[in-house]
Amino acid sequence: MKTYLRGSRFAAALFASVLVLAACGGDDNDTSDDNNAAQEAPEPSDEPVHLTISHNAVRPDVVAVWIEDYVIPEFEAKMADEGREVTVEHIEGGVDDYKTQLALDLSVGEGPDITSFDQFWTAEFAAGGLIEPLHTVVGDVVNDWEGWEQIPEAVSGSLDVDGERYGIPLGTDGRVLFFRTDLFEEAGLPTDWQPTSWDEILDAARTIQSELPDVIPMQLNAGVNMEEATTLQGFIPILLGAGGDLYADDGWQGDTPELRETLEFYSTVFDEGLADSDMQLVTDGRDRSFEAFADGNLAIMIESDYLWRGVINPDGGFPIENREDLVGWALIPAKQPGAGINGQDFVSASGGTGRIINPNTEHPLEAWELLSFMATYEAQLDWVEREPRITAREDVNEIGIADDPMQTFVAEEVLPLTWYRPGFEEYPQVSEAIQRMVENVIAGRSDVDSAAQEFHSNLEGIVGAENVSGG
């Protein structure tokens, strides 16, 4: 455990150093004056072009297979039909800290022409001058791409910073309550469960605790070792259910009544033994939670649809052979009906991934052609036929996940009410502060009052006191 933490913190420190160095050297790359100007598309190259694309995975990962078996041959053939010689190479990933490696490469003008990218990295990389808006790299031709009309505004903006598009989103997800229907039936709970308040979640967990004492009633991600899962799969859905937000009215939200209600919920869950606090504090705690759920030893989880399509699916790390019969899902309720953010009855949070173009590419037009080709209807449909999932394109979702009731539920019922992480470079540090705060509460190191006050102070240290509300 200690080795992992040291490695993680070293990587974080290294990444921060890369950003500082990149920002210090940013004057020569300052394109702010050019960002609002019309950008003409570069001319196609008359010479043979070689492009590289990276995704942090190796075969048999579905995306790696899709890139090598579909994207590369199909795109090269398309270019050949146009009389152009373009070859594409897939640079295999599989590194432990892809983010830091990518930052290092970009900071010295290296790296693949196209790379996969997590939505919440965008603001950080943009602030460090490591990436640039698509139209700055390629020109206004990017605005004419047909695919934008198929991507909902909230999703297409997931890779935006200050209204500028930095990449094409690939897909998104949504957080729900998963539950074991077999355990619910055994405990006398409804198998079509849909709680409408926090009390109904707690009541179900208490019933599991009483009727099935060997079963962990629920999993609520908490703590530093759970990393971003603590923030997005635990803290945020509860905060939103209390009517709170992380950033609102041009300010970060610190010690607010909604924050304290969120911590009180955590305190209730763990003080009553409705969740396993030890599981939160070990480095493989999330995998342990997946294993417990798959084995029927855990009844309720807040997770994204990744659990369904990437963990308990037949090819996942913790498969449930007949998951369609044993696993149910429900919307995450607000504290009470109407008490959630924007007066909502139910809440969710979403993340997303996409791909960006390296601003140092020698072939921006061809890189854009490859990037947009990978996001076409045909290419995305081929991808989801290999692994059904929610894509950024609505026209693909209508077909690609039509036979998957869980993902259709997310696309139709969850995404309309979801929330995305604020696009600020400080977000990763804020998220880490949240993880520490929650861990201190569930481990009994801090009560709610002191944890909220300490978080407020830490938040002021990260973003500046003038940018923090509450307290």
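- The name an unreviewed UniProt entry gives the protein is Extracellular solute-binding protein, with Phytoactinopolyspora mesophila as the organism.

### Examining the overall build of the protein
Then, number 1: Looking only at helices and strands, the protein has 21 helices and 16 strands in total.
Then, number 2: In terms of C-alpha radius of gyration, the protein reaches 23 Å, essentially the compact-globule figure of 23 Å for 471 residues.
Then, number 3: Projecting the C-alpha coordinates of the protein onto the three principal axes gives extents of approximately 75 × 50 × 45 Å.
Then, number 4: Of the roughly 19,900 Å² of accessible surface on the protein, 44% is carried by carbon and sulfur atoms.
Then, number 5: Separation between the mean location of the 24 positive side-chain charges and that of the 92 negative ones in the protein comes to 6 Å.

### Regarding a negative patch on the surface
Then, number 1: The grouping of E40, E43, D46 and E47 at the surface amounts to a negative patch.
Then, number 2: With respect to the helices and strands, E40 occurs in the loop between helix 2 (32–35) and strand 1 (49–55).
Then, number 3: The class of E40 is exposed, set by a relative accessible area of 76%.

### Some thoughts on the environment of G93
Then, number 1: Along the chain, G93 falls in the loop between strand 2 (86–92) and helix 4 (98–107).
Then, number 2: In this structure the C-alpha to C-alpha distance between G93 and N56, which are 37 residues apart in sequence, comes to 3.8 Å.
Then, number 3: Dropping the residues within four chain positions of it, G93 is found in contact with H55, N56, A57 and V58.

### Structural notes on helix 11 (residues 257–271)
Then, number 1: The end-to-end C-alpha distance of helix 11 is 20 Å, a good match for the 21 Å that 15 residues give at a rise of 1.5 Å each.
Then, number 2: Buried residues of helix 11: L259, T262, L263, F265, Y266, S267, V269 and F270, and no others.
Then, number 3: Residues of helix 11 that are buried in the fold lie against helix 9 (198–211), strand 8 (216–219), helix 10 (228–241), helix 12 (277–280), helix 20 (427–442) and helix 21 (448–463).
Then, number 4: After helix 11 finishes, the residue G273 shows a positive phi value of roughly 70°.

### Digging into the sheet that holds strand 7 (residues 175–180)
Then, number 1: With mixed pairing, the 4 strands of this open sheet are ordered in space as 8-11-7-12. Edge positions in the sheet fall to strand 8 and strand 12 (327–330), since each of these pairs with one other strand and no more. Mean inter-strand twist for the sheet, computed between neighbouring axes without regard to direction, equals 20°.
Then, number 2: Set on the sheet, helix 9 makes contact with strand 7, strand 8 and strand 11 (298–304); between it and strand 8 the angle comes to about 145°.
Then, number 3: Those strands touched by helix 13 (residues 285–294) are strand 7, strand 8, strand 11 and strand 12, and its axis lies near 130° from that of strand 11.

### Re the packing of helix 10 against helix 20
Then, number 1: At a closest axis distance of 8 Å, the pairing of helix 10 and helix 20 adopts a crossing angle of 75°. By the criterion of interaxial angle, the relationship of helix 10 to helix 20 is roughly perpendicular. Contacts from E228, T230, T231 and F235 in helix 10 reach Y427, S431, I434, Q435, M437 and V438 in helix 20.
Then, number 2: For the contact of helix 10 with helix 20, a count of residues per class yields 5 nonpolar, 4 polar and 1 charged.

### Describing the sheet that holds strand 16 (residues 468–469)
Then, number 1: Spatial strand order, 9-10-16: 3 strands in an open sheet with mixed pairing. Edge positions in the open sheet fall to strand 9 (247–248) and strand 16, since each of these has one partner strand only.
Then, number 2: Relative to strand 10 (residues 251–253), strand 9 is paired through 2 bridges, and the arrangement is antiparallel. Residue pairing across strands places A248 opposite G251, the latter belonging to strand 10.

### Quick notes on helix 4
Then, number 1: Looking at helix 4, one finds that the buried residues are Y98, K99, T100, L102, A103 and L106.
Then, number 2: Where helix 4 ends, the next residue or the one after it, G109, has phi of about 75°, a positive value.

### Side note on the packing of helix 11 against helix 21
Then, number 1: It is the contact of helix 11 with helix 21, at a shortest axis distance of 10 Å, that shows an interaxial angle of 135°. The angle between helix 11 and helix 21 falls in the class oblique. As helix 11 packs across helix 21, the resulting crossing turns out to be right-handed. In this structure, helix 11 contributes L259, R260, L263, E264 and S267 to the contact, and helix 21 contributes V448, D449, A451, A452, Q453 and F455.
Then, number 2: Here the contact of helix 11 with helix 21 is composed, by residue class, of 6 nonpolar, 2 polar and 3 charged.

### Considering the domain arrangement of the protein
Then, number 1: Its domain assignment divides the protein into domain 1 (49–173 + 351–420) and domain 2 (190–349 + 422–469).
Then, number 2: Here the C-alpha centre of domain 2 lies 29 Å away from the C-alpha centre of domain 1.
Then, number 3: In terms of surface lost to domain 2, no three residues of domain 1 exceed M406, L417 and W419, which account for 36% of the buried area on that side.
Then, number 4: Taken together, domain 1 and domain 2 are joined by 0 salt bridges.
Then, number 5: Along the contact surface separating domain 1 from domain 2 lie 4 residue pairs in polar contact (both at pLDDT 80 or more).

### Observations regarding unusual backbone geometry
Then, number 1: A cis geometry characterises the amide bond from R59 onward to P60, with omega recorded as 10°.
Then, number 2: Topologically, P60 is positioned in the loop between strand 1 and helix 3 (62–81).
Then, number 3: If you check the backbone angles, D249 has positive phi at about 50° while not being a glycine.
Then, number 4: Of note, the phi angle at N342 is positive, near 60°, even though the residue is not glycine.
Then, number 5: Relative to the assigned elements, N342 resides in the loop between strand 13 (332–333) and strand 14 (346–347).

### Some thoughts on the nonpolar core
Then, number 1: One finds F125, F184, F235, L263, V269 and I300 to be the most contacted residues of the largest nonpolar core, which totals 75 residues.
Then, number 2: The element that contributes the greatest number of residues to this core is helix 20, accounting for 8 residues.
Then, number 3: Looking at this core, you find at least three residues from each of domain 1 (49–173 + 351–420) and domain 2 (190–349 + 422–469).
Then, number 4: With residues up to four places along the chain from it excluded, the contact list for F235 reads T230, L259, T262, Y266, I434, M437 and V438.

### Focus on the pairing of strand 2
Then, number 1: As paired elements, strand 1 and strand 2 share 7 bridges and run parallel to each other. Its bridge partner lying in strand 2, I53 is registered against H90.
Then, number 2: This β-α-β element, strand 1 to helix 3 to strand 2, shows right-handed connectivity.

Rules of the game
- Residues numbered from 1 in each chain as written.
- Predicted model: local features only at pLDDT ≥ 70, side-chain atom pairs only at ≥ 80, totals over all residues.
- Heavy atoms only, no water.
- Helix = DSSP H or I, 4+ residues; strand = E, 2+ residues; numbered from the N terminus.
- Rg over C-alpha atoms; globule rule 2.2 N^0.38 Å.
- Areas by Shrake-Rupley, 256 points an atom, 1.4 Å probe, with all protein chains shown as cover.
- Lys, Arg positive; Asp, Glu negative; His and termini not counted.
- Charge placed at Lys NZ, Arg CZ, Asp CG, Glu CD.
- Patch = residues over 30% accessible without salt bridge, like charges linked within 9 Å, V, L, I, M, F, W, Y side chains within 5 Å.
- Salt bridge = Lys/Arg side-chain N within 4 Å of Asp/Glu carboxyl O.
- Buried < 20%, exposed > 50% of the residue type's maximum accessible area, 1.4 Å probe, protein only.
- Contact = heavy atoms within 4.5 Å.
- Expected span 1.5 Å × (residues − 1).
- Pairing = 2+ DSSP bridges.
- Axes fitted to C-alpha atoms, helices over the stretch in contact; angles between N-to-C directions.
- Parallel < 35°, antiparallel > 145°, perpendicular 65-115°, else oblique.
- Nonpolar A, V, L, I, M, F, W, Y, C, P; charged D, E, K, R; others polar.
- Left-handed = near helix turned anticlockwise from the far one by under 90°.
- Domains from an automatic or database assignment.
- Buried area = accessible area lost by both parts, 1.4 Å probe.
- Polar contact = N/O pair within 3.5 Å; in protein donor to acceptor, adjacent residues only side chain to side chain.
- Core = buried A, V, L, I, M, F, W, Y, C linked by side-chain atoms within 4.5 Å.
- Right-handed = clockwise from strand over helix to strand, strands pointing away.

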